[in-house]
Every structure is written in structure tokens, then in C-alpha cells.
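Structural overview for review
Each chain, letter by letter, is given below.
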Amino acid sequence: SLALCLSVSLSLTAFAQSGRKPQGRQQPGEKPLARIETREVAVPIIAYDPEGNYVNDLKPKDVLVLEEGEARQVTNLKRDPANIVLILDSANEIGTFKNGPTELYGKPDAPIWEKGANYKVVRGPTQWEFANQFISGLSPNDKIAIIQYAEKAQLIQDWTSDRDQATRAINSKYSVGLKSSFCDALKLAADKFQSRPEGRRIVVLISDGLDSNSKITRSKAIQALEKARATVFVVGWAEALRREIELSINWMGSHEVAGTRVYKRTAELRQYLLQLEGAAAELRQLAENSGGEIMLPPTHEDLVKVNKTVNAEIGAQYTLSFLTENAPSLEDKRSIEVLPARPGLSVRSRRSYLFGAEGGKVKSER
């Protein structure tokens, strides 16, 4: 579990000459009772060697943990199964650019409007292909739930370890819409982890990061993910869509007359590109703060292929546990830093966590 409470009461009582003192009552001149409460916190980490390869023989002695700048005792380091929520952005607010690439053939260097410069589209939506290949690469012990969002955030597959079942859900329920409920999808993902107390918690998010229809605010959605202590891997649309949109803008700029509806469309697309850039920066922060990573594939084809990288990252994660002291408040945000203690090692982990966001089992030691 992500939190294990350890409560130890140290009673510094003694026997008086006249007999035993009353139990549970502090006597005059006696040192006050000291109550120390600690909690075991678990965070996912990934370790790399000097060549950038994953480290598969990591030991507790190989890392140091600092919480709010203070050293903490590492209690465990292990490989846990993963609970993965896959989120698919199926919002086509700006057009069908996410559905698939248009690839030039015929005259390779010809502008798109020239005779002989023909286009083709892949057999299925890009993220549909990503999802199918990603699911096939999961570890047998991992579980997956799938969310898609457009006008609303929709759970299309609840937790399962059955790869065929997850693939069927993608193939039969994948659909697109005209609005984006990005923040509602993040909140739904965070809520799904409540039923998975054991194992790592991971969100794989394929998104442009824009929102137009959510009921919950962005800050509350991100806070919900922080409470769930989920690691977020983002596959962003920014670069792949930029290429497609710029091709479209260039074509319209050469063929349409100023003032027409299509010409105004170019202004809309340029505004979307600006929003896309800002959203990518927010997605990067979301991923890196959680200990995850953002990937911005340059083309649709590269976006499909990046599933292998995401699968490898998830498979390389360790769960690191360390002891921390309880705080008077039930919930507070604490910064953490996991540092390498082995030569040549580099480590990636989340940057903070919400203490007290979840309960835990109690054990007593004296």
C-alpha cells in the first residue's frame, strides 16, 4: 500500500518507592509522555545507468531520499504490478487532424495542391492504433482501465488484466466528439485508483491538453491525481498536429480569397497552435512533477510507435518505500527528492506528494 501507519508510544514511567504509579497518568516531576507517529510512504522511481539504460539490480543502499530537505530511511525497494488508466483524447474540436496523417505520395516534393501530389490516410485513428499496441505490450500482472473523452469523460473499460477484453473495448467503443472534457477525464482517472490500493498507479494520457467542456476545474483535477499519487506518462499531440495544421494553413493560404470563411479558418487554426503550445507546457509539468515523462512525437506514425517507450518505462519502475514523521495536519504537500548513491546512477521520481491523502494499516512496535 502507499501508506502504512506506525504508532509508537514511549512512556517514561518508573516505579516509586511507595509502590506502582497509577497507569496512564503523568506524575509530578515526571518527563512528559512522548508520542511519535511515523508513516511508510511509497513512491515509484526509475533508475538509469551512465548509458541511459534501465537499471534492473537497484538496491535500497543505492539511493537516498530527502523529504523537505531532510534525510529519510529507505525501508524497501521492489517491483510491483501496475494499475494503468489509459486516457484517450477523442475530441475533434479543431477538425479531424487527430484521426490520422495525410502522407504525400506520387510526387514526393510537390505542394499538396499540385496535380500528382496525392494523399492517403492510415487504416484507423492514430490513438486507436497506439492503444491496441500498448495493451498488447503490457505485463501479464498489470491491470488496465480505459477512459475516452470528448463531450464527456467515459469509462469504456473497467479494470481488467484480460488483454483481449481491453482490445475489444477499444475496437467497439472508440468514438469521437466535438468538445473536450479533459479535466473531467483526469478526475475520473484519479477516482478509479480508489479501488486499487495495492500496486503502482499509472496514467497514460494521449492528449492535446485543451479543455472546453469539463465540469471540474483544471487545478482540482490535477490535485485529485496528486492525491492518488499517480505517475503520469503523457503522449502529447503538439508536434504531430502542428505539422498537419501547418500543411493545411499553407494550402488554404494559396487557394482561398481573403475574407472568405475558409480564410478565416486559417486564423482559427493559428490560434489553436498557440493554445497547443501552452497546453504542452502544462502537460510537461504534470508529467515531470509526478515522476513520469512527456513524449511529443513529431508525426502520427511516431506517435503510434512510442507505445514501446511507454511500456518500457512502466516496466522499469520500482516502488521505493521510506519512513516519514506524521504531521499535525491530516494532509499537507511535501517535497521529495530521490538521489543516486551509486556511481554513474541517475534516478527519476515524483517531486512531491500529499501526505495523509490515504489511510494505511497500523502496526505497533515497542
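Shown above is the structure to which this text applies.
Within each chain, residue numbers correspond to sequence positions counted from 1 in written order. Local features in a predicted model are, by the rule used here, given only for residues with pLDDT of at least 70; side-chain atom pairs are given and counted only at 80 or more, and totals for whole chains, interfaces and linings are based on all residues. To get the side-chain values, all heavy atoms of the structure are used, and hydrogens and water are removed first.

1. Re helix H1 (residues 126-136)
A large share of H1 lies buried, amounting to nine of its 11 residues. Burial classification: accessible surface area is computed with a 1.4 Å probe over protein chains only, and a residue below 20% of its type maximum counts as buried, one above 50% as exposed, and the rest as partly exposed. By definition, any uninterrupted DSSP run of H or I lasting at least four residues is a helix, any uninterrupted run of E lasting at least two residues is a strand, and each is numbered from the N terminus. Within H1 the residues assigned to the buried category are Thr126, Gln127, Trp128, Glu129, Phe130, Ala131, Asn132, Phe134 and Ile135.

2. A few points about unusual backbone geometry
The phi angle at Glu68 is positive, at roughly 50 degrees, despite the residue not being glycine. Notably, Arg229 is not glycine yet its phi reads approximately 55 degrees, a positive angle. Summarising the element assignment, Arg229 is placed in the loop between helix H4 (218-228) and strand E12 (231-236). Owing to a relative accessible area of 3%, Arg229 belongs among the buried residues under this scheme.

3. Some details on the packing of H1 against helix H8 (residues 307-316)
Between the N-to-C directions of two axes lies an angle of 0 to 180 degrees, each axis being a line fitted to C-alpha atoms and, for a helix, fitted only over the stretch in contact. Direction vectors running N to C along H1 and H8 enclose 35 degrees, while the axes themselves pass 9 Å from each other. Two packed elements cross with a definite hand, and for H1 against H8 that hand is right-handed. Facing H1, whose interface residues are Phe130, Gln133 and Phe134, H8 presents Asn307, Val310, Asn311 and Ile314. Left-handed describes a crossing whose near helix is turned anticlockwise from the far helix through less than a right angle; right-handed describes the clockwise counterpart. We call two residues in contact when some of their heavy atoms are within 4.5 Å.

4. Section: the environment of Ile245
Among the secondary structure elements, Ile245 is positioned in helix H5 (residues 238-255). On the basis of relative accessible area, Ile245 is assigned to the buried category, the value being 0%. With 25 residues separating them along the chain, Ile245 and Arg270 place their C-alpha atoms 8.4 Å apart. Aside from chain neighbours lying at most four places away, what touches Ile245 is Phe97, Leu269, Tyr272 and Leu273.

5. So, the sheet that holds E12
When DSSP locates at least two bridges between a pair of strands, those strands are taken to pair. Pairing is mixed across the open sheet formed by six strands, whose spatial order is E10-E9-E6-E11-E12-E13. Looking at strand neighbours, the two that pair on one side only are strand E10 (153-160) and strand E13 (293-295), the edges of this open sheet. Pairwise comparison of adjacent strand axes, ignoring direction, gives a mean angle of 15 degrees for this sheet. Relative to E13, E12 runs parallel, the two sharing three bridges. Following the sheet pairing, Phe233 is matched in E13 by Glu293. Sheet contacts for helix H6 (residues 261-289): strand E11 (200-207), E12 and E13; angle to E13, the most-contacted strand, approximately 145 degrees.

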